[in-house]
Amino acid sequence: MWGGRFSGGPSAIMREINASIPFDKRLWRQDIRASKVHVAMLAAQGIVSEADAEAISGGLDTIAAEYEADGVPENLDLEDIHMTAEARLTELIGPVAGRLHTARSRNDQVATDCRLWVREACAEVDAGLAAFQRTLLARAEEHADTVMPGFTHLQAAQPVTLGHHLMAYYEMARRDRSRFADAMARADECPLGSAALAGTSFDLDRERTASELGFARPTANSLDAVSDRDFALDYLMAATTASLHLSRLAEEFVIWASQPFGFVKLSDAYSTGSSIMPQKRNPDAAELVRSHAGRIAGCMQALVMVMKGLPLAYAKDMQDDKPPVFEAHDLLALSIAAMTGMVETSDFQTGRLRDLAAGGHSTATDFADWLVRSLDMPFRDAHHLTGAAVKLAEQQGCDISELDAAALRGLDPRLADADLPDLSVEGSVASRMSYGGTAPTRVREAVKRAREDMT
Ligand code: ARG
């Protein structure tokens, strides 16, 4: 490509370090699409003849069909997907292929290809997260009344409903989708036509190129356009947060599926056996989602470090943007699918969840709230008196909800002739009617709102 200036060829090591074709061949669809739009614009502007543009466009179609059928050949001498496609175009249509690169550089070309790719990746993740949300909604509705232990510090705190717990992940996914939508919106500008860094002396129609590639507008500054990888960082940061959420759910499944908890039985489809212990049913998929979150965060960090301190405009460092983006995307797509499948197919152990929810004096707060409401006690006094009730229950070897009325009344004269409260777990969750609370009624409303939101 630059034979005019060079007499010697690159060393084998130079060739190897320079080549990106092993990974950027993944951009072939975007590359050919952008080239076709570019050459059609060049023809419309009278920069290349209609006949040449047609020959180039036809050749690009042939290349696309070849790549579709046989994959992209990996010749390190051709360095990257851009030169690989152009070299093949020359083989197919001869020297007229050389007109394609008019008013374009690989710098604006790769920036355009990558933006197209990342925008498609955002759309794909959005669809995956939407399916994940729909699965959460279905299971949340099914378990709107299922009582389970709610934790803080992983210590039994107050009873909650499983539906409410699952809806917490619906909310995380909702925010994740809005982060990908933001990333998409900011990536909605087309770099093509910025050329190497300074723009070009040819009379381009950048509006046309942008709109034909599905972008809202052309980028406004050529130096920025060829050296900006914010769109990839936006994607990776959104992916990091999404994977972090998935890893929290994954961790819950790991804990829930363990024998001491026994909250859930994972389906055969999402567990594995052990090669030595026949009784084992391991949550490997959940564990891998948990670890993938670490790798995705690593990809994000990798690109942050690649980009930091780069002077304007393009630098070859930026070629290294692609592996972390591709890796993170593959890991994220798989993680979303795995967690969707796990939520969909898991068998929640409702009896055990209810029994465990009722332990650990989990309705002690309900007793304290009742003291405030019915006996007009200041909350701090109520807290103190409830502590005494818990202590008494511990002495008697029972739960606070199981203390007999006489024992409870003995604690304080004000309890003597009051109607004692319902300290059952069902009564507890039903009373959590504050907006956003765990009451089954509120969970059903939240599911309904979410369904409306998603249509
Ligand atoms: N393969 C390169 C990349 O991914 C394409 C741009 C090369 N530009 C250049 N001036 N060497 O970044």
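Residues numbered from 1 in each chain as written. Predicted model: local features only at pLDDT ≥ 70, side-chain atom pairs only at ≥ 80, totals over all residues. Heavy atoms only, no water.

K.L.:
Explain the site of the ligand residue by residue, including any values.
P.N.:
Contacts to the ligand come from Ser20, Asp24, Asp80, His82, Arg106, Asn107, Val110, Tyr314, Lys316, Gln319 and Lys322. Contact between the ligand and Asn107: a nitrogen atom at 2.8 Å from a side-chain N or O atom of the residue. Contact distances for the ligand include 2.8 Å between an oxygen atom and a side-chain N or O atom of Lys322. Here the ligand, which alone exposes 340 Å², has 86% of that area covered by the protein. Of the residues forming the shell around the ligand, the biggest block, 3 residues, is contributed by helix α6 (residues 106-142). A class-by-class count of the residues in the shell around the ligand yields 2 nonpolar, 4 polar and 5 charged. (Near = heavy atom within 4 Å. Polar contact = N/O pair within 3.5 Å; in protein donor to acceptor, adjacent residues only side chain to side chain. Areas by Shrake-Rupley, 256 points an atom, 1.4 Å probe, with all protein chains shown as cover. Helix = DSSP H or I, 4+ residues; strand = E, 2+ residues; numbered from the N terminus. Nonpolar A, V, L, I, M, F, W, Y, C, P; charged D, E, K, R; others polar.)

K.L.:
With reference to specific residues and values, describe the pattern of salt bridges.
P.N.:
Enumeration over the complete set of coordinates arrives at 32 salt bridges. The closest approach of N and O atoms between Arg174 and Glu171, which form a salt bridge, is 2.7 Å. With Arg174 and Glu171 both in helix α7 (residues 162-186), this residue pair falls 3 residues apart, about one helical turn. Here Arg174 falls in the partly exposed class, since its relative accessible area comes to 37%. What makes Glu171 partly exposed here is its relative accessible area of 31%. Its salt-bridge partner being Glu426, residue Arg354 comes within 2.7 Å of it at the nearest N-O pair. (Salt bridge = Lys/Arg side-chain N within 4 Å of Asp/Glu carboxyl O. Buried < 20%, exposed > 50% of the residue type's maximum accessible area, 1.4 Å probe, protein only.)

K.L.:
So what about the environment of Arg281? Which residues, and what values?
P.N.:
Within the secondary structure layout, Arg281 lies in the loop between β5 (264-265) and α11 (284-307). Accessibility expressed as a relative area gives 33% for Arg281, which makes it partly exposed. Beyond its immediate stretch of four places on either side in the chain, Arg281 contacts Lys265, Leu266, Ser267, Asp268, Ser271 and Thr272. Of the polar contacts made by the side chain of Arg281, one reaches the backbone oxygen of Leu266; its length is 2.4 Å. (Contact = heavy atoms within 4.5 Å.)

K.L.:
Summarise the packing of α7 against helix α18 (residues 440-454); cite the residues concerned and give the values.
P.N.:
At a closest axis distance of 10 Å, the pairing of α7 and α18 adopts a crossing angle of 25°. On the basis of their axis angle, the class for α7 and α18 is roughly parallel. Once α7 is placed against α18, the crossing between them reads as left-handed. Residues Gly163, His164, Met167, Tyr170, Arg174 and Arg177 of α7 form the contact with α18, whose participating residues are Val443, Ala446, Val447, Ala450, Asp453 and Met454. Residue composition of the contact of α7 with α18, grouped by class: 7 nonpolar, 2 polar and 3 charged. (Axes fitted to C-alpha atoms, helices over the stretch in contact; angles between N-to-C directions. Parallel < 35°, antiparallel > 145°, perpendicular 65-115°, else oblique. Left-handed = near helix turned anticlockwise from the far one by under 90°.)

K.L.:
Residues and numbers for the packing of aromatic side chains, please.
P.N.:
What characterises a pair of aromatic rings is the spacing of the ring centres plus the angle enclosed by the ring planes. Inspection of the entire model under this criterion finds 11 aromatic pairs. Arranged with centres 6.3 Å apart and planes meeting at 20°, the rings of Phe151 and Phe263 form a pair that is stacked. Highlighted residues: Phe151 in strand β1 (residues 147-152) and Phe263 in the loop between α10 (230-257) and β5, separated in sequence by 112 residues. Residue class for Phe151 comes out partly exposed when judged on its relative accessible area of 30%. Consider the rings of Trp256 and Phe348, whose centres lie 6.4 Å apart with planes at 70°: the pair is edge-to-face. Of this pair, Trp256 sits in helix α10 while Phe348 is found in strand β6 (residues 347-348), placing the two residues 92 residues apart along the sequence. (Phe/Tyr/Trp six-rings, centres within 6.5 Å; stacked < 30°, edge-to-face > 60°.)

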